[in-house]
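These are the residues of each chain, in order.
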Amino acid sequence: MKTPEEYVESLRDGRELYIDGRKVEDVTTDPNFEVPIAYAARDYNYDDRRELRTYTTGDGEVGNRLFQIPMNKEQLETRVELLRHVSIISGTISGLFALLNVRDTLGQIKPEYAQNVENLYNHCRDNDLRIAEVITDAKGDRSRHPLQQDDPDLYLHVVERRDDGIVVRGAKLHITGASLVHELIVLPTKSMSEGEEDYSVAFSVPVNTPGVKIINRDYAEPGRSTFDYPISGTRSMPEGFIVFDDVFVPWDRVFLCGEYQYAGTIAHALGLWERVGGLIAMVEQSRLMVGIAQLLADYNGISRASHVIDKITELIFYAEMLRMSLDASIRDFKTTESGMVYPNDMNINVGKYYGASNYHSMVRHLHDLCGGQVITQPVEADY
Ligand SMILES: Cc1cc2nc3c(=O)[nH]c(=O)nc-3n(C[C@H](O)[C@H](O)[C@H](O)COP(=O)(O)OP(=O)(O)OC[C@H]3O[C@@H](n4cnc5c(N)ncnc54)[C@H](O)[C@@H]3O)c2cc1C
C-alpha cells in the first residue's frame, strides 16, 4: 500500500493538465490542487480505521480493502461501511467494479477481455492505484445517434486498429478527480446499434498516456478558511474534461472493441456501482440535514411550532427512506457467475431516484428553518 507521501509523488508523472486557461506544470505544488490532493491523500493514511480500511488478500498480503471483491453479504456490508469513510476519489473505483460485474459476460465474447479486466484489477490492487470512471461523452445533438452527428468525434471512437492495439479519439466530460487518479477506465456512455462498432469501445489507460489532456474545473479557491468553508475548504475535487487526441491503447488494455450489443451492458453496470456510492453519500447527508434542522430549531426556540415539526418529520422520513433502500439493496444482494456479490440494482435505483428528486424540497426546509443567518454569518476573521 502507498503512503500519503508516495501517493502525492506518484502524481508527478508527466500528466498533461490544464486549469483556468493555463498548463499545470506540477500538480503537486499547484495551489489550485492543494485541497483536492490533501483530501485524496487522506485515504492513504491506513492508520485511520485500519481494521475497516485494510484486509488480507488471497496472497496473504495486507491490502487496501477498497480492492476486496465481496463474495458474501458480510463482505458487501463491510464494503458499504468502507465507502462511507473514504473520499470521492476512492469511490470512483466503481469503474473497476463495473468491469468486474460484467467480466463473465466479457469473457463469453472474448476470453482475452475477461483476462484484461483481471490484469487491470491486479495491477490497481497491487500498486494501490486510484481510478476515474470515464463514461460521459460530449454527445452533441442528443436527438441524433453518434454516427449522425455533424462532428464524428462527439462520442469517443476507434480511429485505427493495429496489430498491437487501437487508436481512439474523442472527449469525455465532467470526469470526477481525473487529474488526481492513476488510471482512466473508459466505457461507452450508452447502448449502441449496428454500424456503431467504432463507438462500442471500453479500455483503460494511465493518466500520463501520450495524447490524454485534462482540462480541469474546480470549485474551491485555494487558501479558503476551513471554518467559513468547511466542505469546499477540505473536500473539493475537480472535474476534468478529458480529450483523447489519438491515444494508443494496447490490446491487453481493451475490454470491448466493436461488439455493439454489449455497450449498454457495460454502461448499465457502471450505473449500478456509481449509484451505490451516490446513495451512500445521500444517506450520510440526509442524517446531517436532520441533525442541523433540529439543532437550529432548538437554538432559535421554534422546535414546538407545528410547521417546524412537520418539516423535521419530513426530513426524518427522507433520511429513513434512503437508509432503508440501501439496507434493502444489501439484504437482497445479487451474485455474478463468478460469485461476486453486488447490491440489488432495483433498490439502489429507487433509492437514488427518490433521493435526487426530493433533495431540493429537503434543502428548502433547511433554508426556511435557518432564516437569514445561513447567508450572512460573519466570517472567522471577524470573531
Ligand atoms: C459534478 C459532476 C460529476 C460528474 N462525474 C462524472 C464522472 O466521474 N464520470 C462520468 O462519466 N460522468 C460524470 N458526470 C456526468 C454525468 O453523469 C452527466 O452529467 C449526466 O449523465 C447527464 O448527462 P449530460 O450532462 O450530458 O446531460 P444530458 O443527458 O444532456 O441531460 C440534459 C437534459 O437533456 C435531456 N435529454 C438528453 N438526451 C435526450 C434525448 N435523447 N431525448 C430527450 N431528452 C434528452 C435529459 O433528460 C435532461 O433533461 C458528472 C457530472 C457532474 C455534474
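Numbering of residues starts from 1 in every chain and runs along the sequence as written. This being a predicted model, a pLDDT of at least 70 is required before a residue's local features are given, and a value of 80 or more before pairs of side-chain atoms are given or counted; all residues contribute to the totals for chains, interfaces and linings. Hydrogens are left out, water is left out, and the side-chain values use all remaining heavy atoms of the structure.

## Re the nonpolar core
Inference 1: Nonpolar cores were defined as sets of buried Ala, Val, Leu, Ile, Met, Phe, Trp, Tyr and Cys residues, with membership established by side-chain atoms within 4.5 Å. Working definition: with a 1.4 Å probe on protein chains only, accessible area under 20% of the residue-type maximum means buried, over 50% means exposed, and in between means partly exposed. Of all hydrophobic cores here, the largest spans 100 residues; its most connected members are Leu184 and Phe244.
Inference 2: Broken down by element, the residue count for this core peaks at 15 residues, all from helix α10 (residues 263-299).
Inference 3: Both domains that furnish three or more residues to this core are identified here as domain 1 (16-42 + 130-258) and domain 2 (267-382).
Inference 4: Whether two residues touch is decided by their heavy atoms; if any such pair falls within 4.5 Å, the residues are in contact. Beyond its immediate sequence surroundings of up to four residues, Phe244 is in contact with Val134, Leu156, Val168, Arg169, Gly170, Lys172, Leu184, Val186, Phe203, Val205, Gly211 and Val212.
Inference 5: Counting residues in each nonpolar core, the second largest holds 5 residues, with Tyr155, Met192, Tyr199 and Tyr260 among its members. We count a stretch as a helix when DSSP gives it H or I for four or more residues in a row; a strand needs E for two or more, and each element gets its number in order from the N terminus. Domain extents, as shown, originate in an automatic or database domain assignment.

## What about the pairing of strand β8 (residues 183-186)?
Inference 1: Burial along β8 is two-sided: Glu183 and Ile185 and Leu184 and Val186, pointing in opposite directions, are all buried.
Inference 2: DSSP calls a pair of strands paired once it identifies at least 2 bridges connecting them. Relative to β8, strand β5 (residues 131-134) runs parallel, the two being bridged by 4 bridges. Of the residues in β8, the one forming a bridge with Glu133 is Ile185.
Inference 3: As defined by bridge partners, β8 adjoins strand β9 (residues 201-206) across 4 bridges and the pair is classed as antiparallel.

## Focus on helix α12 (residues 345-370)
Residue pairs spaced three or four apart in an α-helix point in one direction, given the helix's 3.6 residues per turn.
Inference 1: End to end, α12 covers 36 Å across 26 residues, agreeing with the expected 38 Å (1.5 Å per residue, within 8%).
Inference 2: Bend, at a single residue, is the angle you get between axes fitted to the 7 residues ending at that residue and the 7 residues starting at it. At Tyr359, α12 shows its largest bend, some 45°.
Inference 3: Pairs of N or O atoms within 3.5 Å make up the polar contacts considered here, provided that, within protein, one atom can donate a hydrogen while the other can accept it, and that residues adjacent in sequence are counted only when both atoms are side-chain atoms. The N-capping residue of α12, defined by a side-chain oxygen 3.0 Å from the backbone nitrogen of Met346, is Asn344.
Inference 4: Positive phi appears at Gly371, one or two residues downstream of α12, with a value of about 70°. The span expected for a helix works out to 1.5 Å for each residue beyond the first.

## Here we look at the site of the ligand
Inference 1: We call a residue near a molecule or strand whenever a single non-hydrogen atom of that residue lies within 4 Å of it. Every residue near the ligand is listed here: Glu133, Val134, Ile135, Thr136, Lys139, Arg142, Leu173, His174, Ile175, Thr176 and Glu239.
Inference 2: Contact between the ligand and Glu133: a nitrogen atom at 2.8 Å from a main-chain N or O atom of the residue.
Inference 3: Each accessible area value is a Shrake-Rupley result obtained with a 1.4 Å probe; residue values ignore everything except the protein chains displayed when judging cover. With the chains in place, 42% of the 960 Å² that the ligand exposes on its own is no longer accessible.
Inference 4: Those elements that provide at least two residues to the shell around the ligand are β5 and β7 (165-176).
Inference 5: In terms of residues, the shell around the ligand owes the most to one element, β7, which gives 4 residues.
Inference 6: A class-by-class count of the residues in the shell around the ligand yields 4 nonpolar, 3 polar and 4 charged. Polar here means any residue outside two lists: the nonpolar Ala, Val, Leu, Ile, Met, Phe, Trp, Tyr, Cys and Pro, and the charged Asp, Glu, Lys and Arg; Gly therefore counts as polar.

## Here we look at the domain arrangement of the protein
Inference 1: Split into domains, the protein comes out as domain 1 (16-42 + 130-258) and domain 2 (267-382).
Inference 2: Placing the centre of domain 1 and that of domain 2 at their C-alpha centroids yields a distance of 29 Å.
Inference 3: Each partner contributes residues to the interface: domain 1 has 9 residues there, and domain 2 has 5 residues.
Inference 4: Buried area: the accessible surface (1.4 Å probe) lost by two parts on joining, summed over both. Of the roughly 590 Å² buried between domain 1 and domain 2, counting both surfaces, carbon and sulfur atoms make up 68%.
Inference 5: Three residues, Glu133, Phe227 and Asp228, lead the burial of domain 1 against domain 2; their summed loss comes to 58% of the area buried on that side.
Inference 6: Each reported salt bridge corresponds to a side-chain nitrogen of Lys or Arg within 4 Å of a carboxyl oxygen of Asp or Glu. In this assembly, domain 1 and domain 2 are joined by 0 salt bridges.

## Examining unusual backbone geometry
Inference 1: Positive phi is not limited to glycine here, since Arg49 has a value of about 50°.
Inference 2: Locating Arg49 in the fold gives a position in the loop between α2 (34-42) and α3 (50-53).
Inference 3: Of note in this structure, Lys139 is not a glycine but carries a positive phi near 75°.
Inference 4: On the secondary structure map, Lys139 appears in the loop between β5 and β6 (157-161).

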